[in-house]
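Next come the chains, spelled out residue by residue.
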Amino acid sequence: MNQEEKEGFMREAIKEAEKAKQLGEVPIGAVVVLDGEIIGRGHNERETTHDATTHAEMSAIRQANHHLKNWRLEDASLFVTLEPCPMCSGAIILSRVKEVYYGAADLKGGTAGTLMNLLEDERFNHQSQVEVGILEAECKALLQDFFRNLRKQRKEERRNHLKRVHQQQLENES
């Protein structure tokens, strides 16, 4: 797969991340590709579904499995905007994804090279090839903007709450 194709598929993962963002979810997206075709898409939905397992990678893998009517994704590639966590790395190993491409490293939970590298660990019965940094700046900016806005929103909510409390105190005193 050439760089242009890799970036094209990562842009599709970014579109999925944008869907998560529209739902108020952490903007992470993923696509599973087989023979140049996207066979699975996913984005974070943990807040929406109240289900800790609905990460972008898990949804994309599940959809690809259903598409193929097979749990094995041996010749497939996964593109994801953020480095997979331990749960997602486990699903990647168990579904035998051939290649994993991710945009931004996850310094707090990444298990595809940052904190550890589960995907290329030869002690498992399957390893995936990993390539890092596909459209890294765009993937990183999505997350940074989301969390910056979230912090700003929470700060404003706290400020408004304190104003209401102060106003009630003034009313109670008079």
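Refer to the preceding data block for the structure.
Everything numeric in this text was worked out from a predicted model, so none of it was measured.

Overview of the pairing of strand β1 (residues 29-34)
Within a regular strand, side chains alternate between the sheet's two faces.
Phase 1: The element β1 is largely enclosed, with a buried count of six among its six residues.
Phase 2: Side-chain alternation along β1 places G29, V31 and V33 on one buried face and A30, V32 and L34 on a second face that is also buried.
Phase 3: Sheet topology places β1 next to strand β2 (residues 37-43); six bridges connect them, and they run antiparallel. Its bridge partner lying in β2, A30 is registered against G42.
Phase 4: Here β1 hands over to β2 after two residues, with D35 in that stretch at a positive phi of 50 degrees.
Phase 5: When β1 meets strand β3 (residues 77-82), the two strands line up antiparallel, connected through four bridges. Bridge assignment links A30 to a residue of β3, and that residue is V80.

Regarding the nonpolar core
Phase 1: In terms of nonpolar packing, the biggest core is built from 43 residues, with M10, I28, V32, L73, L78, F79 and I92 touching the most fellow members.
Phase 2: At the level of elements, α1 (3-22), β1, α3 (56-68), β3, α4 (86-95), β4 (99-104) and α5 (136-173) are the ones that each hand at least two residues to this core.
Phase 3: Discounting chain neighbours no more than four positions away, the residues touching M10 are F79, V80, T81, Y101, Y102, G103, I134, L135 and C139.

Rules used in this analysis
Throughout, a residue's number is its position along its own chain's written sequence, starting from 1. In view of the model being predicted, local features appear only for residues whose pLDDT reaches at least 70, and side-chain atom pairs are presented and counted only at 80 or more, with totals across whole chains, interfaces and linings using the full set of residues. Side-chain descriptors were evaluated using all non-hydrogen atoms of the structure, hydrogens and water having been removed beforehand. Per-residue accessibility, obtained with a 1.4 Å probe over protein chains only, is compared with the maximum for each type, and a residue is labelled buried under 20%, exposed over 50%, and partly exposed between these values. The way it works is that DSSP assigns letters per residue, a run of H or I at least four long becomes a helix, a run of E at least two long becomes a strand, and they are numbered from the N terminus. Each pair of strands is called paired provided DSSP finds at least two bridges between the two strands. As used here, the term nonpolar core means buried Ala, Val, Leu, Ile, Met, Phe, Trp, Tyr and Cys residues forming a set that is joined through side-chain atoms within 4.5 Å. By the convention used here, residues are in contact when the closest approach between their heavy atoms is within 4.5 Å.

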